[in-house]
Amino acid sequence: MHRYRYRCTVCRTTSPVVHQLDSLEAEGTAHRQAVHGGHIPDDELIGEIDRLGRWYAALSPLAALHARIADGLSDLRNEKAMGHYWWASTGAALLIGGTAALILLLVAAAL
Ligand SMILES: [Zn+2]
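Residues numbered from 1 in each chain as written. Predicted model: local features only at pLDDT ≥ 70, side-chain atom pairs only at ≥ 80, totals over all residues. Heavy atoms only, no water.

**Some points on the nonpolar core**
- Of all hydrophobic cores here, the largest spans five residues; its members are Tyr-4, Tyr-6, Cys-8, Val-18 and Leu-24.
- Looking at this core, the element that brings in the most residues is strand 1 (residues 3–8), giving three residues.
- Setting aside its immediate chain neighbours within four residues, Leu-24 contacts Tyr-4, Arg-5, Tyr-6, Val-18, Ile-46 and Gly-47. (Core = buried A, V, L, I, M, F, W, Y, C linked by side-chain atoms within 4.5 Å. Buried < 20%, exposed > 50% of the residue type's maximum accessible area, 1.4 Å probe, protein only. Helix = DSSP H or I, 4+ residues; strand = E, 2+ residues; numbered from the N terminus. Contact = heavy atoms within 4.5 Å.)

**Quick look at the sheet that holds strand 3 (residues 45–49)**
- Spatially, 2-1-3 is the arrangement adopted by the three strands of the open sheet, whose pairing is antiparallel. A single partner strand is all that each edge strand has here, and the edge strands are strand 2 (13–14) and strand 3.
- Where strand 1 and strand 3 come together, five bridges link them in antiparallel fashion. Bridging across to strand 3, Arg-3 finds its partner in Ile-49.
- Together, strand 1, strand 2 and strand 3 form the strand contacts of helix 1 (residues 21–36), whose direction differs from that of strand 1 by roughly 15°. (Pairing = 2+ DSSP bridges. Axes fitted to C-alpha atoms, helices over the stretch in contact; angles between N-to-C directions.)

**Section: the coordination of the zinc ion**
- Around the zinc ion, the donor atoms from the protein are Cys-8 (SG), Cys-11 (SG), His-31 (NE2) and His-36 (NE2), and they sit 1.9 to 2.2 Å away.
- Because the angles between the four donor atoms bound to the zinc ion fall within 103 to 116°, the donor set is best described as tetrahedral.
- Within one chain, the residues donating to the zinc ion are spaced in sequence as C-x2-C-x19-H-x4-H. One end of the pair, Cys-11, is in the loop between strand 1 and strand 2; the other, His-36, is in helix 1, with 25 residues separating them in the sequence.
- The class of Cys-11 is partly exposed, set by a relative accessible area of 27%. (Donors = N, O, S within 2.8 Å, 3.2 Å for Na, K, Ca; no water. Tetrahedral: all angles 85-135°; square planar, octahedral: opposite > 155°, others 65-115°.)

**Focus: a nonpolar patch on the surface**
- A cluster of nonpolar side chains, namely Ile-103, Val-107 and Leu-111, defines an oily patch on the protein surface of about 350 Å² accessible area.
- For Leu-111, the location among the structural elements is in the segment after helix 3 (86–110). (Patch = residues over 30% accessible without salt bridge, like charges linked within 9 Å, V, L, I, M, F, W, Y side chains within 5 Å. Areas by Shrake-Rupley, 256 points an atom, 1.4 Å probe, with all protein chains shown as cover. Salt bridge = Lys/Arg side-chain N within 4 Å of Asp/Glu carboxyl O.)

**Quick look at the domain arrangement of the protein**
- Under the domain assignment, the protein is made up of domain 1 (1–49) and domain 2 (59–111).
- Between domain 1 and domain 2, the C-alpha centre-to-centre distance is 29 Å.
- Each side of the interface is counted separately: domain 1 has six residues, and domain 2 has seven residues.
- For the pair domain 1 and domain 2, the summed buried surface comes to about 580 Å²; carbon and sulfur atoms form 40% of the total.
- When residues of domain 1 are sorted by the area they lose upon contact with domain 2, Met-1, Arg-3 and Glu-48 head the list and together hold 72% of the total. (Domains from an automatic or database assignment. Buried area = accessible area lost by both parts, 1.4 Å probe.)

Written as structure tokens, this is what we have:
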């Protein structure tokens, strides 16, 4: 399940979490119309977030990978909730660490 948020840096407000891109567009448009008369605020942020409410675009590649895996694992338990379960976060870290170790072993074996 994907989660999105709209952030207006002029008003310093963030929209509630929405699950559809269409809903996100509507959220941004409604805010711009109601508060800014249709103008687009400078530096507004809009996009997909992880279950912790962080924008994927703002995360480093490794943190984004961890968030994707932890999100996917947490969604297995409860799709609607926010936050990562401890086992999902740990599982994602172990998966990334295990994959890195495996690649290291394969490279070492090939040399
Ligand atoms: Zn605003």
